[in-house]
Amino acid sequence: PVFDASAITVGLLTLMSIAASSIWLKGTLRLFSMLIGCVVGYATSIALGNFGNFGEVIASSSTFALPHLILPSFVLKASFLLAFVCIAIVSAVDDIGVIVSTDRLDDANWSKPNIPQISRGVSSFGAANILGGLIGSTFLGLSSSNVGLAFATGVTSRIVGLAAGSLMILLSFFPKVLAVVAAMPEPVLGGVLAYAAGYFIVSGAELALARMMSPRRMLVVGLSIAGGIAVVATPEIAEHAHEALMIILESPLVVASLLAIALNAIMRIGIAQRAQIVVSEGSDRHDQIADKLEEWGEIWGLNRATVVQATAAVNQLIEAIEDLKEGDAILEARHDDVNLDIRIIYKGQPMMFPDKAPSAEELMNDPDGVSRMAGWLLRHLADRASAFVDGDQQGVMLRFES
């Protein structure tokens, strides 16, 4: 039946047990919230008789068995090649998302993806999948639901991962124990996945909103999610498609990921990585700078904290060169997906960036004391600050990690 009261009851009790355990239990007990929910779900399934084919699976499994290798058969169907390439790309993107999410959990000061770490992770899983294919294993990949569990419990220790991996290797010799998990009743599994998905959705939303959202970026995120939902809502789309496309259209994850990749590439067309303005002499120059940096931040998808930091530093610099410059100053900005570089070019005297702050006596007596103090402050407001000469003009370059 479409509406199964016992299945809904089992799923809800499983979900509520996990949620209650993760919220109200303290200390190490909180780490077992998922296990507690599964025990409650299994017990409820037994009581309501909604256990599926659990008994048959357990009975047909041997107590002890040695894992055996299955030699692969190298058969390639041309019509599946497109689907294979798309799924491989989506798998790599999914692995990247899990690696980034895990990195954010471990680093309280996280601001941007660690590209070398992502490269090592994707390469490792690619090599593992090639090896797995040669020995007849199944596809290997990172688990998004486990990231939701880590997000909920706060446990990301390497020791826990090594212990869990060792336990899984040990359990591979005991099929009957594995069958207890593999034959988990669907209502219990639904409750577990609902709990993990809730946290993973929040984590994904935080990651998407970590960068400033422009109309282009909103369309990339919104249309990708809508495409995935459309595939689930209208399964007949896949039923009438070619067999190569059928595999792609049957998976909302694959459709949403491919849409996100394609739309992101299209939406980047026409976005200049450089921009400049002439900073006016009026009292509204600080608002002018703040508005432009906000606009560029949305277009380039900068971290909001980077824009706030850059705005404060540039306004401080404009004040510092007020007595040094002659006429207007030009503000140039450049973004390369790694750093935000801002250059202020003007005619006049050079800006100084001392290694240490001037003393109180120097501030009072030296004519350049205030300028040196401003330069020292700027070195701490930006990730890098330096002066340069551009023809007959002076310049200051501020760099911010984006």
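Going by the structure above, here's the rest.
Residues numbered from 1 in each chain as written. Predicted model: local features only at pLDDT ≥ 70, side-chain atom pairs only at ≥ 80, totals over all residues. Heavy atoms only, no water.

Draft legend 1. Structural context of the pairing of strand β2 (residues 325-335). Where strand β1 (residues 274-279) lies against β2, six bridges are found, and the strand directions are antiparallel. Residue Ala275 lies in a different strand from β2, and its bridge partner there is Ala333. In this sheet, strand β3 (residues 339-348) lies alongside β2 in antiparallel orientation, the contact comprising eight bridges. In the sheet register, His335 faces β3, and the bridge partner there is Leu340. Linking β2 to β3, which pair antiparallel, is a turn of three residues; within it Asp337 sits at a positive phi near 75°. (Pairing = 2+ DSSP bridges. Helix = DSSP H or I, 4+ residues; strand = E, 2+ residues; numbered from the N terminus.)

Draft legend 2. Seen up close, the pattern of salt bridges. On inspection of all chains with the given rule, the structure shows ten salt bridges. Among the salt bridges present, the one from Lys292 reaches Glu295, with a minimum N-O distance of 3.4 Å. Of this pair, Lys292 and Glu295 are both found in helix α14 (residues 285-300), three residues apart, which corresponds to roughly one turn of the helix. Using a relative accessible area of 27% as the deciding quantity, one classes Lys292 as partly exposed. On the basis of relative accessibility, which here comes to 36%, the residue Glu295 falls in the partly exposed class. For Asp336, the salt bridge goes to Arg334, with nearest N and O atoms at 3.7 Å. (Salt bridge = Lys/Arg side-chain N within 4 Å of Asp/Glu carboxyl O. Buried < 20%, exposed > 50% of the residue type's maximum accessible area, 1.4 Å probe, protein only.)

Draft legend 3. Here's a closer look at the nonpolar core. Residues Val314, Ile321, Leu331, Ile342, Ile344, Met351 and Leu398 are the most contacted members of the largest nonpolar core, which totals 34 residues. Put simply, the parts of the chain that give this core at least two residues each are β1, α14, α15 (304-320), β2, β3, α17 (369-381) and β5 (393-401). The greatest single-element share of this core, amounting to seven residues, is contributed by α15. Once residues within four sequence positions are removed from consideration, Ile321 is found in contact with Ala329, Ile344, Tyr346 and Met351. Grouped together as the second largest cluster of nonpolar side chains are 14 residues, Met34, Phe54, Ile58 and Ala183 included. (Core = buried A, V, L, I, M, F, W, Y, C linked by side-chain atoms within 4.5 Å. Contact = heavy atoms within 4.5 Å.)

Draft legend 4. Geometry of helix α7 (residues 158-171). Between its first and last C-alpha, α7 extends 20 Å over 14 residues, near the 20 Å set by a 1.5 Å rise per residue. The backbone nitrogen of Ile159 has a side-chain oxygen 3.2 Å away, supplied by the residue at the start of α7, namely Ser157. (Expected span 1.5 Å × (residues − 1). Polar contact = N/O pair within 3.5 Å; in protein donor to acceptor, adjacent residues only side chain to side chain.)

Draft legend 5. Region of interest: a nonpolar patch on the surface. A grouping of Leu76, Leu81, Phe84, Val85, Ile89, Val93 and Ile261 is seen on the molecular surface, where their side chains present a nonpolar patch of about 640 Å² in accessible area. Among the elements that make up the nonpolar patch, the one with the highest residue count is helix α4 (residues 81-106) (five residues). Tracing the sequence through the fold places Val93 in helix α4. Given the relative accessible area of 33%, Val93 is considered partly exposed. (Patch = residues over 30% accessible without salt bridge, like charges linked within 9 Å, V, L, I, M, F, W, Y side chains within 5 Å. Areas by Shrake-Rupley, 256 points an atom, 1.4 Å probe, with all protein chains shown as cover.)

Draft legend 6. Structural detail: the side chain of Thr311. Within the secondary structure, Thr311 is located in helix α15. When residues no more than four places from it in sequence are discounted, the contact partners of Thr311 are Ala290 and Leu293.

Draft legend 7. Spotlight on the packing of aromatic side chains. As enumerated under the stated definition, the model contains three aromatic pairs in all. Measuring from ring centre to ring centre gives 5.6 Å for Phe64 and Phe174, while their planes differ by 70°; the resulting arrangement is edge-to-face. On the criterion of sequence distance, the pair formed by Phe64 in the loop between α3 (54-60) and α4 and Phe174 in the loop between α7 and α8 (175-182) is long-range, its members being 110 residues apart. Ring pairing ties together the aromatic residues Phe64, Phe173 and Phe174, which thus form one cluster. (Phe/Tyr/Trp six-rings, centres within 6.5 Å; stacked < 30°, edge-to-face > 60°.)

Draft legend 8. Focus on the pairing of β5. Sheet analysis places β3 next to β5, joined by eight bridges and oriented antiparallel. Bridge assignment links Ile345 to a residue of β5, and that residue is Gly395. In this structure, strand β4 (residues 384-390) lies alongside β5, joined through seven bridges in antiparallel fashion. The residue of β5 that forms the bridge with Phe388 is Gly395. In sequence, β4 turns back onto β5 through a hairpin of two residues, with Gly391 there showing a positive phi of about 65°.

Draft legend 9. How the structure looks around the environment of Asp390. Residue placement: Asp390 occurs in strand β4. Taking C-alpha positions, Asp390 is 9.6 Å from Lys347, a pair spaced 43 residues apart along the chain. With near-sequence residues (within four places) excluded, Asp390 lies in contact with Arg343 and Ile345.

Draft legend 10. Expanded view of the sheet that holds β5. Strand order in this open sheet of five strands is β1-β2-β3-β5-β4, and the pairing throughout is antiparallel. In the strand order of this sheet, the two ends are held by β1 and β4, each with one partner. Looking at each pair of strands side by side, their axes are set apart by 20° on average, direction ignored. In the packing of α15 onto the sheet, the strands contacted are β1, β2, β3 and β5, and the crossing angle to β5 comes to about 160°. (Axes fitted to C-alpha atoms, helices over the stretch in contact; angles between N-to-C directions.)

Draft legend 11. Representation of the packing of α4 against helix α13 (residues 252-267) in the model. At their nearest, the axes of α4 and α13 sit 10 Å apart, and the two run at 80° to each other. By the criterion of interaxial angle, the relationship of α4 to α13 is roughly perpendicular. Side by side, α4 and α13 meet where Cys86, Ile87, Ile89, Val90 and Val93 of the first sit next to Leu253, Val254, Ser257, Leu258 and Ile261 of the second. For the contact of α4 with α13, the residue count by class is nine nonpolar, one polar and no charged. (Parallel < 35°, antiparallel > 145°, perpendicular 65-115°, else oblique. Nonpolar A, V, L, I, M, F, W, Y, C, P; charged D, E, K, R; others polar.)

Draft legend 12. Looking closely at helix α10 (residues 215-233). Taking 1.5 Å as the rise per residue, α10 with 19 residues should run 27 Å; its terminal C-alpha atoms sit 26 Å apart, in good agreement. Buried within α10 are the following residues: Val220, Ser224, Gly227, Gly228 and Val231. Projected down its long axis, α10 shows its buried positions confined to an angular sector of 90°, all on one face. What points out from α10, more than 90 degrees from its buried face, is the exposed set Pro215, Ile229, Val232 and Ala233. (Arc of directions from axis to C-beta.)

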